[in-house]
Amino acid sequence: MSVKPIRVCLAVMLSALVAMPAGATKYAAEFLKIPVGARAVGMGGAFSAIADDATAPYWNPAGMVYLPYKEAFLQHAEQFGNLVNHDFGGVVFPLHASDSHRSAFGVSLTRVAVDDIPITPRPGGLKPGDWLDYGTDNDPTTPGNGQGNGQWDPGERLLITSDDLFMASSADMALGISFARQRGRHFAWGGTVKFVRQSLPDTVVGQHVTSFGAGLDAAMLYMPTDAITLSAVMHDLTTTYITWSNGTRELVAPNLTTGGAINFYPGEGQALTWGLDLAWDFEGRTLDSQLKLGGVNADLRTGLEYWYRNTLALRSGVNGKDLAFGVGVRYRHFGADYAASLNRFFAKNDPAFPDDHNLETTHLLSASFSW
């Protein structure tokens, strides 16, 4: 197996990082970074080198070539209590070919929504009597801080009645179309073209501000041995451009995930997989794991998956400061998985985040069917 394809793919990914636009919008289309699949989340998100199910279009589209059958997948997750609903669906179709030149096609759909958001008037639409004009400290006994100026100042308490409010929903959606190709027994590559649609409620009943965008993910897998897999995934390779109906434009900069996985077989009918991912950040974010390489940060994800007779699975992992665990069962063509992510479990005493206890546990349920 020649290493030339690997060098070409790495060169393309690195050149994309070098060419990253200076005007990239930090946190644009952030919902695309929310991990999917109870199996992957239960391993702390260390899944880029393991992705061999119908979540591969998200984690690593190159992994689709290792599915020996068609598979459909559905997931529902609730974050921060039941505030944010996160749904994902995917289907992968292997394209028949020789053992060393397989191909696969996949389609995925992501939806992240917040329902029943109370919408209040904009500051410019407030009228006298709609707020307590006590100043930014909301204390009538301490003059100053904007008290009695006839204008609403940030921090002053609103006196909005239910007649002044209406409920609306916010929804972010992404459609992915994926293709993967195997080259020899040790190397596979793939990509996902994704289309983004977002909707935010306006202050007018029934009106929304919407966006549309498109981008490309590229990925590869390399298996030097049957027990070891290495991966690289470049999200938003071409820079994802998003245009809003109000004229705003956003750019999602490329970001790179590198990973590896090692398989062990401790006994008859038993399999153990250890995964390790590094999610590299080039936007100057402050990440939980704080792994640094010069001016570059990386988030560390690692996890374990244990299978007994390919029927029962136990999982656990760490994603930055989050602790995750999960279970899974398989019976013939059906599979079901559950995962829980304890947000900032390893940062309970961090003085920079005194309200960590309000984040609550994220629960995920997913199901798959193969044929």
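Once a new chain begins, its residue numbering starts again from 1 and follows that chain's sequence as written. Where local features are concerned, this predicted model is filtered to residues with pLDDT of at least 70; where side-chain atom pairs are given and counted, the filter is 80 or more; whole-chain, interface and lining totals use all residues. For the side-chain quantities, the full set of heavy atoms in the structure was used; hydrogens and water were omitted.

1. Focus: the overall build of the chain
- Helix and strand labels come from DSSP, where a helix needs a run of H or I of at least four residues and a strand needs a run of E of at least two; each type is numbered from the N terminus. When you go through the chain residue by residue, the secondary structure sums to 3 helices and 17 strands.
- Counting across all 371 residues of the chain, residues that qualify as buried make up 44%.
- Any two residues having at least one pair of non-hydrogen atoms within 4.5 Å are treated as being in contact. Counting only contacts in the chain whose residues sit at least 6 apart along the sequence, the fraction spanning at least 24 positions is 56%.
- Just so you have it, the chain exposes about 18,700 Å², and 61% of that area is on carbon and sulfur atoms. Exposure classes here rest on a 1.4 Å probe applied to the protein chains alone. A residue is buried below 20% of its type maximum, exposed above 50%, and partly exposed in between. Here, Shrake-Rupley sampling with a 1.4 Å probe gives the accessible areas, and only protein chains in the shown set may cover a residue.

2. Details of unusual backbone geometry
- Look at Asn 138: it is not a glycine, yet its phi comes out positive at around 55°.
- Following the sequence through the fold, Asn 138 ends up in the loop between β3 (103-119) and β4 (166-183).

3. Comments concerning empty space enclosed by the protein
- A pocket, in this scheme, is an open set of points on a 1 Å grid over the protein atoms alone with protein on both sides within 12 Å along at least 5 of 7 lines, while a cavity is a set where a 1.4 Å probe fits but cannot get out; residues line either one if an atom lies within 4 Å of a point. Grid points are joined across faces, edges and corners, and a volume is the space filled by probe spheres set on the points. Within the structure shown, the criterion is met by 1 cavity of 30 Å³ or more.
- By volume, the largest cavity is sized at about 30 Å³.

4. Regarding the layout of surface pockets
- Within this model, the second largest pocket holds a volume of roughly 1,100 Å³.
- Of the residues contributing to the lining of the second largest pocket, the split by class is 18 nonpolar, 12 polar and 12 charged. By the convention adopted, Pro, Cys, Tyr, Trp, Phe, Met, Ile, Leu, Val and Ala count as nonpolar, Lys, Arg, Asp and Glu as charged, and the other residues, Gly among them, as polar.

5. A closer look at the packing of aromatic side chains
- When the centres of two rings from Phe, Tyr and Trp lie within 6.5 Å, Trp using its six-membered ring, the rings pair. Their planes under 30 degrees apart give stacked, over 60 give edge-to-face, and anything left gives tilted. Scanning the entire structure with this criterion turns up 8 aromatic pairs.
- When the centroid spacing of 5.8 Å and the interplanar angle of 20° are considered together, the rings of Phe 369 and Trp 371 count as stacked.
- Each residue in the set Phe 93, Phe 334, Phe 369 and Trp 371 is aromatic and connected to the rest through ring pairs, giving one cluster.

6. Here we look at the pattern of salt bridges
- In what follows, salt bridge is the name for a side-chain nitrogen of Lys or Arg lying within 4 Å of a carboxyl oxygen of Asp or Glu. Under the defined criterion, the tally for this structure stands at 8 salt bridges.
- The salt bridge involving Glu 305 is made with Arg 315; its shortest N-O contact spans 2.7 Å. Of the two residues, Glu 305 is situated in strand β13 (residues 296-308) and Arg 315 in strand β14 (residues 312-319); the sequence distance between them amounts to 10 residues.
- Under the relative-accessibility criterion, Glu 305 is labelled buried at 2%.
- Residue Arg 315 is classed as buried on the basis of its relative accessible area, which comes to 5%.
- Bridged by salt links that share partners, the residues Arg 39, Asp 52, Asp 53, Glu 305, Arg 315, Arg 330 and Asp 337 form one connected network.

7. Notes on the environment of Leu 175
- Take Leu 175: it is sitting in strand β4.
- Along the sequence, Leu 175 and Leu 109 sit 66 residues apart, while their C-alpha atoms lie 4.7 Å from each other.
- Leu 175 has contacts with Val 107, Ser 108, Leu 109, Val 193, Lys 194 and Phe 195, leaving out every residue within four places of it along the chain.

8. With respect to the side chain of Lys 194
- Topologically, Lys 194 is positioned in strand β5 (residues 187-201).
- At 3.0 Å, the side chain of Lys 194 forms a polar contact with the side chain of Asp 217.
- Ignoring any residue separated from it by four or fewer positions in sequence, one finds Lys 194 in contact with Leu 32, Leu 175, Gly 176, Gly 213, Ala 214, Gly 215, Asp 217, Asp 236 and Thr 240. Whenever two N or O atoms come within 3.5 Å, that pair is a polar contact, provided that in protein one can donate a hydrogen and the other can accept it, and provided that, for residues adjacent in sequence, both atoms are side-chain atoms.

9. A short note on the environment of Ser 169
- Here Ser 169 shows up in strand β4.
- The partly exposed category is assigned to Ser 169, whose relative accessible area is 30%.
- Distance in space between the C-alpha atoms of Ser 169 and Leu 200 is 7.3 Å, their sequence separation being 31 residues.

10. Description of the nonpolar core
- Side-chain atoms within 4.5 Å are what join buried Ala, Val, Leu, Ile, Met, Phe, Trp, Tyr and Cys residues into a set we call a nonpolar core. Judged by nonpolar contacts, the single largest core of 23 residues is most densely connected at Phe 47, Trp 59, Met 64 and Val 92.
- Looking at this core, the elements that each hand over two or more residues are α3 (56-59) and β2 (84-95).
- If we ignore the near neighbours within four places in the chain, the residues touching Met 64 are Ala 56, Pro 57, Val 92, Ala 104, Phe 105, Gly 106, Ser 178, Phe 179 and Ala 180.
- Residues Ala 29, Leu 32, Val 112 and Val 252 belong to the second largest nonpolar core, which totals 13 residues.

11. What to know about a nonpolar patch on the surface
- The patch calculation keeps residues exceeding 30% relative accessible area without a salt bridge and links them within 9 Å when they carry like charges or within 5 Å when they are nonpolar (Val, Leu, Ile, Met, Phe, Trp, Tyr). A cluster of nonpolar side chains, contributed by Leu 95, Phe 105, Leu 109, Met 173, Leu 175, Ile 177, Phe 179, Trp 189, Val 193, Phe 195 and Phe 212, occupies part of the molecular surface with about 880 Å² of accessible area.
- Sorting the residues of the nonpolar patch by element identifies β3, β4 and β5 as the ones contributing at least two each.
- Mapped onto the fold, Ile 177 is located in strand β4.
- Since its relative accessible area comes to 36%, Ile 177 is described here as partly exposed.

12. Examining the environment of Val 193
- Relative to the helices and strands, Val 193 resides in strand β5.
- Relative accessible area serves as the criterion here: at 36%, Val 193 is assigned to the partly exposed category.
- Non-local contacts of Val 193, meaning those with residues more than four positions away in its chain, are made with Leu 175, Gly 176, Ile 177, Gly 215 and Leu 216.

13. With respect to the pairing of strand β11 (residues 270-281)
- The pairing criterion is simple: DSSP has to find at least two bridges between the two strands. With 9 bridges connecting them, strand β10 (residues 255-264) and β11 associate as antiparallel partners. Looking at the pairing, Asn 263 lines up with Thr 273 of β11.
- Across 12 bridges, the pairing between β11 and β13 is antiparallel. When the bridges of β13 are listed, Trp 274 appears paired with Leu 304.

14. Describing the pairing of β5
- Note that β4 and β5 share 13 bridges and pair antiparallel. When the sheet's bridge partners are listed, Leu 175 is paired in β5 with Phe 195.
- Connecting β4 to the antiparallel partner β5 that follows it, the hairpin turn spans 3 residues, and Gly 184 within it adopts a positive phi of roughly 75°.
- Two strands pair when backbone bridges link them, and β5 and strand β6 (residues 208-225) are joined in this way by 15 bridges, in the antiparallel orientation. Each bridged residue has a counterpart across the sheet, and for Arg 197 the counterpart in β6 is Phe 212.

These values are about where atoms sit, not about what they do.
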